[in-house]
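Descriptive structure summary
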Amino acid sequence: MRRVYLDNNATTPVLPEILEAMRPYFGEHFGNASSIHHHGQETRAAVERSRESVAALLHCRSSELVFTSGGTEADNLAIFGLTREGDHIITSTIEHHAVLNACRHLAEAKHCDVTYISVDGRGLLDPVDVKRAIRPNTKLVTIMFANNETGVLQPVAEIGKIAAEADVYFHTDAVQAAGKVTVDVNEICCDSLTISGHKFHAPQGVGALYLRKGTQLEPMLYGGSHERSRRAGTENVAGIVGLGKAAELASASLDRGNDAKMAAARDRMERELLALEATGLNGADSNSGRAPRVPNTTNVYFDGIEGEALVIALDLKGLAVSTGAACSSGAIEPSHVLTAMGLSRDRAKASIRFSLGKQNTEEDVDFALGLIPETVARLRDLSPTWSKSALSI
Ligand code: PLP
């Protein structure tokens, strides 16, 4: 059976050239990068070459990068490492749980006060709200670069400027932005920034935290003096090599304008989906003013269906997509991102995320477009509550 994967915001396949770059580090080049003999020097050199490639992608110095086990660890390292008991933190209602739950933990265990900035119907937050929320004891602003469910890009450069003027740390979770749009730490004016390899074709379990030179950070792990004493533990050399290669390919791809090609494929898919009845885009206002987004993501609601049912029905026909819904105590809860944007619970639960990757082709989009309309229509026919008359409400 043909299978098409359009869930690249969940994870991406490792590209063949990235796997090839990694392969020697599982066998031939096995040294511990901290060893002083030949084997160690070989892997140390590979780790440092990767650091240069990631630094080029983020427009930072290689010494400002800390390799981690992924996005969650990098977010936690920044949030825990830059704050102390009693600090005030500003974040948003639409962050990934790697940020939301780290902030919640600080509120519960370290008496930190957390302010959650809301977003508008397009999923965009207003930097003025961040400015207004800053207090004398505010230590950290943590706002994501691109949302994982809608792909909406936040005004991070403006927020970075506001935080710098107030002498407050600015962290941004750029997990869904890196490799898709230009990420330049100087333009954003951030003190720290998270990326994760598996969101742009490197393997799962490797990521990095950019930490501006001179920024003091309390480590989370205690052990050896790896990563300039910012993250103890023997490096995941093969993973880091994969991350470096992915960064190199992403930089070249952005230079060639491939993000525009990706956006064109996404836009074609979106146009056809939005032509279906009772279907709309999450990440646009009622006048159809689109929010700025990464090029690969579209999040669409199909009124009258259960998102989970559509995901399963499409999967049975070979198409992998996802909902932002979470399963909590056995019940499907609607996405916190979509409800924060003002969607009703029903509409949030009727929403599906489609996310393209570099391996996808125009034929993959055709395949999806060949399946979705008939599947949506069939599910609506089966729904006891769906009626076209509901559309006029
Ligand atoms: N932040 C965002 C925006 C994400 O989308 C994800 C993964 O879904 C993460 C953080 C966590 O990254 P990782 O899976 O590498 O821990």
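All of the points below concern the structure found in this document. Since the structure is predicted, the reported quantities are computational estimates derived from the model, not experimental observations. (Residues numbered from 1 in each chain as written. Predicted model: local features only at pLDDT ≥ 70, side-chain atom pairs only at ≥ 80, totals over all residues. Heavy atoms only, no water.)

Quick look at the sheet that holds strand β8 (residues 207-211)
Within the open sheet, the seven strands sit side by side as β2-β8-β7-β6-β5-β3-β4. Their pairing is mixed. Sheet topology places β2 (65-68) and β4 (113-117) at the edges, where each strand pairs with a single neighbour. Averaged over neighbouring strand pairs, the angle between their axes works out to 20° when direction is ignored. Pairing analysis gives three bridges linking strand β5 (residues 138-142) to strand β6 (residues 169-173), with the strands arranged parallel. Across the sheet, Leu-140 pairs through a bridge with Tyr-169, a residue of β6. (Pairing = 2+ DSSP bridges. Helix = DSSP H or I, 4+ residues; strand = E, 2+ residues; numbered from the N terminus. Axes fitted to C-alpha atoms, helices over the stretch in contact; angles between N-to-C directions.)

Some points on the packing of helix α3 (residues 71-81) against helix α4 (residues 97-109)
The N-to-C vectors of α3 and α4 enclose an angle of 35°; their axes lie 9 Å apart at closest approach. Seen along the crossing, α3 lies across α4 with a hand that is right-handed. On α4, the residues touching Thr-72, Asp-75, Asn-76, Ile-79 and Phe-80 of α3 are Ala-98, Val-99, Ala-102, Cys-103, His-105 and Leu-106. For the contact of α3 with α4, the class distribution of residues is seven nonpolar, three polar and one charged. (Left-handed = near helix turned anticlockwise from the far one by under 90°. Contact = heavy atoms within 4.5 Å. Nonpolar A, V, L, I, M, F, W, Y, C, P; charged D, E, K, R; others polar.)

Some words on the nonpolar core
Among soluble globular proteins, nonpolar side chains are generally buried collectively. Among the nonpolar cores identified, the biggest contains 62 residues, and Leu-58, Phe-145, Phe-170, Leu-193 and Ile-195 are the most heavily contacted of them. At nine residues, the largest contribution of residues to this core is made by helix α9 (residues 237-255). Here this core gathers at least three residues from each of two domains, domain 1 (4-12 + 257-390) and domain 2 (16-253). Residues in contact with Ile-195, not counting those within four places in the same chain, are Val-54, Leu-58, Gly-70, Gly-71, Ala-174, Val-175, Ala-178, Phe-200, Gly-207, Ala-208 and Leu-243. One finds Leu-314, Ile-352, Phe-367 and Val-376 within the second-largest nonpolar core, a separate group that totals 26 residues. (Core = buried A, V, L, I, M, F, W, Y, C linked by side-chain atoms within 4.5 Å. Buried < 20%, exposed > 50% of the residue type's maximum accessible area, 1.4 Å probe, protein only. Domains from an automatic or database assignment.)

So, the pairing of β5
The buried count for β5 comes to four of five residues, which makes it a mostly enclosed element. Tracing the backbone out of β5, into helix α6 (residues 156-165) and back to the parallel element β6 gives a crossover that is right-handed. (Right-handed = clockwise from strand over helix to strand, strands pointing away.)

Observations regarding the environment of Lys-317
With respect to the helices and strands, Lys-317 occurs in the loop between α11 (307-316) and β11 (319-320). With relative accessibility at 27%, the residue Lys-317 sits in the partly exposed group. Between the C-alpha atom of Lys-317 and that of Asp-346, which follows or precedes it by 29 residues, the distance is 25 Å. Beyond its immediate sequence surroundings of up to four residues, Lys-317 is in contact with Met-1, Arg-2, Phe-367, Leu-371, Glu-374, Thr-375 and Arg-378. Here the side chain of Lys-317 touches Glu-374 through a polar contact of 3.3 Å, side chain to side chain. (Polar contact = N/O pair within 3.5 Å; in protein donor to acceptor, adjacent residues only side chain to side chain.)

Some words on the sheet that holds strand β9 (residues 279-281)
Spatially, β9-β10-β14 is the arrangement adopted by the three strands of the open sheet, whose pairing is antiparallel. Edge strands, defined here as strands with exactly one partner in the open sheet, are β9 and β14 (351-355). Averaged over neighbouring strand pairs, the angle between their axes works out to 30° when direction is ignored. The sheet contact formed by β9 and strand β10 (residues 297-302) spans three bridges and is antiparallel. Bridging from a neighbouring strand, Gly-280 pairs with Tyr-301 of β10.

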